[in-house]
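Listed below are the residues making up each chain.
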Amino acid sequence: MAGLFITFEGGDGSGKTTQINLLASWLESEGHTVVITREPGGTDLGTELRNIILHREGFIAPRAEALLYAADRSHHIHTLVRPALKRGEIVVQDRYLDSSVAYQGAGRVLDPTEVRDISLWATENLMPDLTVVLDVPASVAKARQAAGERQYDRLEAEAEDFHTRVRESYLALAAEEPERFLVIDGESSIEEIHEAIVVKVSDLLG
Ligand code: ADP
Ligand code: TYD
């Protein structure tokens with residue numbers, strides 16, 4: 001495939017949206033066509049699934065939750081991401097399959113390898129060219145969100161030790177695949193983080 005697929009991962013409030021917008025602006029200023037998208041919710045169907053997954057009241061069985069994320073992902077990759085990559089565009093995406101491994105795995109109910117395999121099946125094995133992890137302690141992310149007065153969704157309301165397990169899972173995934181991941185200290189300044197990402201992406205673009 002001709003394009004470039006870049007995903008952003010990290011806890012809620014780690015700075016993904018901020019850095020995605022900065023990176024997209026920079027890429028556009030360099031003359032690239034950029035698609036900004038996210039999971040869950042990058043498509044019409046995805047918006048409906050996102051509402052169910054994040055805002056439905058009451059229990060969702062762990063495997064059902066994992067399959068809802070995978071259904072969103074499958075449709076998103078098939079209808080939006082792969083076509084953009086085929087056109088040679090750069091897709092900058094907020095969350096992808098590592099989110100499923102980290103979050104659904106952190107509940108300690110599902111096997112992380114099985115969760116990953118479901119996403120690989122759902123996407124016909126599409127892996128990102130680069131995954132940026134913005135690494136911040138759960139307490140810092142929480143404080144940032146509280147300051148922003150955003151409404152908490154189902155997962156954000158989980159206890160702090162859940163978010164600490166999510167963070168540890170990201171670091172473990174990055175250690176397993178160092179060539180795909182760029183882990184950045186999310187407590188650095190917005191500008192410093194952006195610069196580090198630009199260096200890496202420039203490298204990938206050649
Ligand atoms: P996410 O998309 O990961 O939830 P956001 O980009 O929305 O994160 O950032 C959450 C909050 O933290 C926002 O108020 C944002 O301005 C702030 N923020 C983002 N990056 C930094 C940073 N490096 N240092 C301090 N605050 C930051
Ligand atoms: P979202 O609100 O889009 O991101 P953020 O709060 O970081 O700006 O994230 C939606 C939530 O869904 C987030 O708490 C992580 C969770 N999630 C999973 O549990 N599994 C997944 O596969 C994905 C994509 C997200």
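Refer to the structure above for everything that follows.
Residues numbered from 1 in each chain as written. Chains lettered and ligands numbered in written order. Predicted model: local features only at pLDDT ≥ 70, side-chain atom pairs only at ≥ 80, totals over all residues. Heavy atoms only, no water.

A few words on the site of ligand 1. If you check the shell around ligand 1, you find 14 residues, and the closest are Gly13, Lys16, Thr17, Thr18 and Ser188. Between ligand 1 and Gly13, the relevant distance is 2.8 Å, taken from an oxygen atom to a main-chain nitrogen or oxygen of the residue. Thr17 has a polar side-chain atom sitting 2.5 Å from an oxygen atom of ligand 1. When the free accessible area of ligand 1 is taken as 560 Å², the share hidden by the protein chains comes to 68%. Counting residues per element, the shell around ligand 1 draws most heavily on helix α1 (residues 16-29), which supplies three residues. (Near = heavy atom within 4 Å. Polar contact = N/O pair within 3.5 Å; in protein donor to acceptor, adjacent residues only side chain to side chain. Areas by Shrake-Rupley, 256 points an atom, 1.4 Å probe, with all protein chains shown as cover. Helix = DSSP H or I, 4+ residues; strand = E, 2+ residues; numbered from the N terminus.)

For helix α5 (residues 112-122), the set of buried residues is Val115, Ser119, Leu120 and Ala122. What you see down the axis of α5 is that its buried residues fit within an arc of 160 degrees, all on one side. Buried positions along α5 lie against α3 (62-86) and α4 (97-106). The opening residue of α5, the one whose side-chain oxygen lies 2.9 Å from the backbone nitrogen of Thr113, is Asp111. Phi for Glu124, located one or two positions after α5, is positive at around 50 degrees. (Buried < 20%, exposed > 50% of the residue type's maximum accessible area, 1.4 Å probe, protein only. Arc of directions from axis to C-beta. Contact = heavy atoms within 4.5 Å.)

Right, let's get into the nonpolar core. Membership of the largest hydrophobic core comes to 20 residues, with the highest contact counts inside it found for Phe8, Leu23 and Ile197. For this core, the secondary-structure elements that each account for two or more residues are β1 (4-10), α1, β3 (90-94), β4 (130-135), β5 (181-185) and α8 (190-205). In terms of residues, this core owes the most to one element, α1, which gives five residues. (Core = buried A, V, L, I, M, F, W, Y, C linked by side-chain atoms within 4.5 Å.)

Bringing the packing of aromatic side chains into the picture now. As enumerated under the stated definition, the model contains two aromatic pairs in all. Here the aromatic rings of Phe5 and Tyr96 are separated by 5.2 Å at their centres, their planes lie at 70 degrees, and the arrangement is edge-to-face. With a gap of 91 residues between them, Phe5 in strand β1 and Tyr96 in the loop between β3 and α4 connect regions that are remote in the sequence. Accessibility assignment for this pair places Phe5 and Tyr96 in one class, buried. (Phe/Tyr/Trp six-rings, centres within 6.5 Å; stacked < 30°, edge-to-face > 60°.)

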